[in-house]
Amino acid sequence: MKIYVKKAWEEFQRVIASLSNEARPEDVFLLIRDWLIKYDKLLLLDGVKEYSLQKYVELNINYYPIRYSSLKGEELTVFKRNVALSHRDLPGIARIIRDTLEQLIIVEADEYCPQCGKYGLGVYQEPHSKQIVLECNQCGYAMYKDKHLYDGKERLLPATEESLQISGYI
Ligand SMILES: [Zn+2]
């Protein structure tokens, strides 16, 4: 599996390096998703499966606010440089992929986490009720818009563009 991981990461570095500095966030997302589909065995490995990256592969990007992402221009240049320079172990690879996909898909609310104080909470939604839930990516604390604790019964999904518009986040 070590060789597989090395090959996957080297290809990731190649495809990211091939992105133009003018690439749109949607282009970056599709490129990472294609790479994840090609190297889908990575998703099942210990150190990766904990990040539930599969849910990002399954998203229909037309419903998500990827075009609003800050991952373009200068930030894209910095991202490309970081990827080119890093030699990563498996959890490191999983983390950079997760962080990048979140930056592309998840809008941050201008709020502080009541538990750990981190500024900027990810905006998610319950899959069925579509209720907005704000989650802290530092400590995992999650709450509804009215600040009631999220009871955690349903697996959260990134909020869709429609939900974000209705609730005033974009
Ligand atoms: Zn927190």
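Residues numbered from 1 in each chain as written. Predicted model: local features only at pLDDT ≥ 70, side-chain atom pairs only at ≥ 80, totals over all residues. Heavy atoms only, no water.

Trainee: Please clarify how the overall build of the protein should be interpreted in this entry.
Mentor: A count of helical and extended segments in the protein gives six helices and five strands. In the protein, the order of α-helices and β-strands from amino to carboxyl end is α-α-α-α-α-β-β-β-β-β-α. Over its C-alpha trace the protein gives a radius of gyration of 16 Å, about what one expects of a compact globule, namely 15 Å for 170 residues. For the protein, the spread of C-alpha atoms along the principal axes amounts to about 45 × 35 × 30 Å. For the protein, the residues scored as buried account for 47% of the 170 residues in total. Excluding contacts between residues fewer than 6 apart, the proportion of contacts in the protein whose partners are at least 24 apart in sequence is 63%. (Helix = DSSP H or I, 4+ residues; strand = E, 2+ residues; numbered from the N terminus. Rg over C-alpha atoms; globule rule 2.2 N^0.38 Å. Buried < 20%, exposed > 50% of the residue type's maximum accessible area, 1.4 Å probe, protein only. Contact = heavy atoms within 4.5 Å.)

Trainee: Where do I start with the coordination of the zinc ion in this structure?
Mentor: Geometry reference: four tetrahedral donors at a metal, ideal angle 109.5 degrees. Six octahedral donors, ideal angles 90 or 180 degrees. The protein atoms donating to the zinc ion are C113 (SG), C116 (SG), C136 (SG) and C139 (SG), with metal-donor distances spanning 2.3 Å. All donors of the zinc ion belong to a single chain; written as a sequence motif, their spacing is C-x2-C-x19-C-x2-C. Look at C136 and you get buried, because its relative accessible area is 1%. On the basis of relative accessible area, C139 is assigned to the partly exposed category, the value being 32%. (Donors = N, O, S within 2.8 Å, 3.2 Å for Na, K, Ca; no water.)

Trainee: Explain the environment of N21 here, please?
Mentor: For N21, the location among the structural elements is in the loop between α1 (2-17) and α2 (25-38). Here the alpha-carbon distance between N21 and I132, two residues 111 residues apart in the chain, equals 34 Å. For N21, the residues in contact, after removing those within four places along its chain, are G73, L76, T77 and K80.

Trainee: So what exactly am I meant to see when it comes to the pairing of strand β3 (residues 132-135) here?
Mentor: Side-chain direction in a regular strand flips from residue to residue, so the side chains alternate between the two faces of the sheet. Here strand β2 (residues 119-125) pairs with β3 via four bridges, running antiparallel. The residue of β3 that forms the bridge with Y124 is V133. In this structure, the hairpin formed by β2 and β3 is closed by a connection of six residues, where K130 is found at a positive phi of approximately 65°. Where β3 lies against strand β4 (residues 142-144), three bridges are found, and the strand directions are antiparallel. What sits directly across from V133, in β4, is Y144. Between β3 and β4, which pair antiparallel in sequence order, lie six residues; one of them, G140, sits at a positive phi of approximately 85°. (Pairing = 2+ DSSP bridges.)

Trainee: Explain the domain arrangement of the protein to me, please; I cannot follow it from the model alone.
Mentor: Many authors give the size of an interface as the accessible area that is lost as the parts come together. Split into domains, the protein comes out as domain 1 (2-105) and domain 2 (108-166). Placing the centre of domain 1 and that of domain 2 at their C-alpha centroids yields a distance of 23 Å. Each partner contributes residues to the interface: domain 1 has 10 residues there, and domain 2 has 11 residues. The interface formed by domain 1 and domain 2 includes one salt bridge. Among the ionic pairs, E161 bridges to R67, the shortest N-O distance being 2.4 Å. Here domain 1 is connected to domain 2 by three residue pairs in polar contact (both at pLDDT 80 or more). (Domains from an automatic or database assignment. Salt bridge = Lys/Arg side-chain N within 4 Å of Asp/Glu carboxyl O. Polar contact = N/O pair within 3.5 Å; in protein donor to acceptor, adjacent residues only side chain to side chain.)

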